[in-house]
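Listed here are the chains, written in short residue letters.
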Amino acid sequence: MTDPKQAPASYLRSTSDQVAFWVLWVLLLLPAIVLLMMVIGSVGGLILIPLLAQLGIHGMALKWFLDLSKPTSKALLMLLGGTGVLYFLAFSGCVIMLFTA
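Residues numbered from 1 in each chain as written. Predicted model: local features only at pLDDT ≥ 70, side-chain atom pairs only at ≥ 80, totals over all residues. Heavy atoms only, no water.

## Digging into the packing of helix α1 (residues 15-42) against helix α3 (residues 72-100)
Selection rule: For every element, the axis is a line fit to its C-alpha atoms; helices are fit only across the contacting stretch, and the angle between N-to-C directions ranges from 0 to 180 degrees. A run of DSSP states H or I qualifies as a helix once it reaches four residues; a run of E qualifies as a strand once it reaches two. Both are numbered from the N-terminal end. By the definition adopted for this analysis, an angle is roughly parallel if under 35 degrees, roughly antiparallel if over 145, roughly perpendicular if from 65 to 115, and oblique otherwise. Each crossing gets its handedness from the near helix: less than a right angle anticlockwise from the far helix is left-handed, clockwise is right-handed. Only heavy atoms enter the contact rule, under which two residues are in contact if any of them lie within 4.5 Å. By the convention adopted, Pro, Cys, Tyr, Trp, Phe, Met, Ile, Leu, Val and Ala count as nonpolar, Lys, Arg, Asp and Glu as charged, and the other residues, Gly among them, as polar.
Relative to each other, α1 and α3 sit at 20°, their axes nearing to 11 Å. The angle between the axes of α1 and α3 places the two elements in the roughly parallel class. The crossing of α1 and α3 is left-handed. The segment α1 lies against α3, with D17, F21, L24, W25, L28 and P31 engaging T72, A75, L76, L79, L80, T83 and Y87. Its residues assigned to classes, the contact of α1 with α3 shows ten nonpolar, two polar and one charged.

Below, the structure written as structure tokens:
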């Protein structure tokens, strides 16, 4: 008899899990490419911070996805949640700058 509270040692990744992760990973990396072009055009500055945060989020999600001891949902939540929080902070910062100027 197995203990239902014990997590499995390895999670299997179905084809749909892999396709969903890689499609989201590539699509959410496109804004990072735009940020990279902005960093190169402006020679660094404050735009470098969100670029590094975006690359950190993508790297952590990729690391968790490739680690079979973690569920796919954890990697997808890191990818979607981290990117969503980053975009929310960037958008709210823009709104605050616009309305306080």
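There is more to say after this.
## Side note on the packing of aromatic side chains
Definition in use: The aromatic pairing rule takes the rings of Phe, Tyr and Trp, using the six-membered ring of Trp, and pairs them if the centres are within 6.5 Å, calling planes under 30 degrees apart stacked, those over 60 edge-to-face and the rest tilted. Partly exposed residues are those whose accessible area sits between 20% and 50% of the maximum for their type, while under 20% is buried and over 50% is exposed, using a 1.4 Å probe and protein chains only.
Within this structure, the stated rule accounts for four aromatic pairs. Ring centres of W22 and W25 lie 5.7 Å apart, and the angle between their planes is 75°; on these two criteria the pair is classed as edge-to-face. Separated by three residues within a single helix, W22 and W25 lie in helix α1, roughly one turn from each other. Exposure remark for W22: the relative accessible area of 34% places this residue in the partly exposed category.

Interpretation note: all reported values are geometric properties and have no functional meaning in isolation.
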